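# Architecture and fold: a report
Each chain is listed here by its residues.
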Amino acid sequence: MRMATKQGGYIGRETVFLGKPHFPHGLHGVHISRMAKIGKNAIIFQNVTIGQNAEGGAEIGDNVMCGSNAVIVGTVKIGDNVKIGAGAIVVDDVPDNCTVVSPKARIIRKEEK
């Protein structure tokens, strides 16, 4: 079973929340896997994806902030007091007390006109 919202969000029914999460922009575009475990005081902005792979879902610590359009995929462990920047793609574990961001956009091809 799944739980979808009118705002286009989805939270799996088996998702575990250890505390009440805060969604500053509602559930607009938020997708949280049924296999995810999310700690206390989570702040999850719009269009965040917390996915899973064949082995399971993400385990997110306490006091974690997920910026807009962040993507967390697989069985990664996110420590306590972590800030995940807007648009970050997280596929590896993140230790406590870190801030993670994805690299800035780069030009891969330029057409001459």
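Now for a look at the structure at hand. (Residues numbered from 1 in each chain as written. Predicted model: local features only at pLDDT ≥ 70, side-chain atom pairs only at ≥ 80, totals over all residues. Heavy atoms only, no water.)

### Here's the deal with the pattern of salt bridges
Per the counting criterion, the structure on display carries two salt bridges. In this structure, Arg-34 and Glu-14 form a salt bridge, with 3.6 Å as the shortest nitrogen-oxygen distance. Within this pair, whereas Arg-34 is found in the loop between β5 (31–32) and β6 (37–38), its partner Glu-14 is found in the loop between β2 (10–12) and β3 (16–17), the two being separated by 20 residues in sequence. Relative accessible area serves as the criterion here: at 39%, Arg-34 is assigned to the partly exposed category. (Salt bridge = Lys/Arg side-chain N within 4 Å of Asp/Glu carboxyl O. Helix = DSSP H or I, 4+ residues; strand = E, 2+ residues; numbered from the N terminus. Buried < 20%, exposed > 50% of the residue type's maximum accessible area, 1.4 Å probe, protein only.)

### Topic: the nonpolar core
In terms of nonpolar packing, the biggest core is built from 25 residues, with Ile-32, Ile-44, Ile-50, Ile-60, Ile-72, Ile-78 and Ile-84 touching the most fellow members. Apart from the residues within four sequence positions on either side, Ile-32 is in contact with Tyr-10, Ile-11, Gly-12, Thr-15, Phe-17, Phe-23, Ile-38, Ile-44 and Ile-50. (Core = buried A, V, L, I, M, F, W, Y, C linked by side-chain atoms within 4.5 Å. Contact = heavy atoms within 4.5 Å.)

### Quick look at the side chain of Ser-33
Position of Ser-33 among the secondary structure elements: in the loop between β5 and β6. By relative accessible area, which is 2% here, Ser-33 ends up buried. Engagement of the side chain of Ser-33 in a polar contact is seen with the side chain of Gln-52, the distance being 2.3 Å. The residues contacting Ser-33, other than those within four sequence positions of it, are Gly-12, Thr-15, Ile-50, Gly-51 and Gln-52. (Polar contact = N/O pair within 3.5 Å; in protein donor to acceptor, adjacent residues only side chain to side chain.)

### Focus: the sheet that holds strand β17 (residues 99–100)
Spatial ordering of the open sheet is given by β7-β12-β15-β17, a layout of four strands whose pairing is parallel. On the outer flanks of this sheet lie β7 (43–44) and β17, each paired with one strand and no other. For strand β12 (residues 65–66) and strand β15 (residues 83–84), the ladder comprises two bridges, and the chain directions are parallel. Among the inter-strand pairings, Met-65 is bridged to a residue of β15, identified as Lys-83. (Pairing = 2+ DSSP bridges.)

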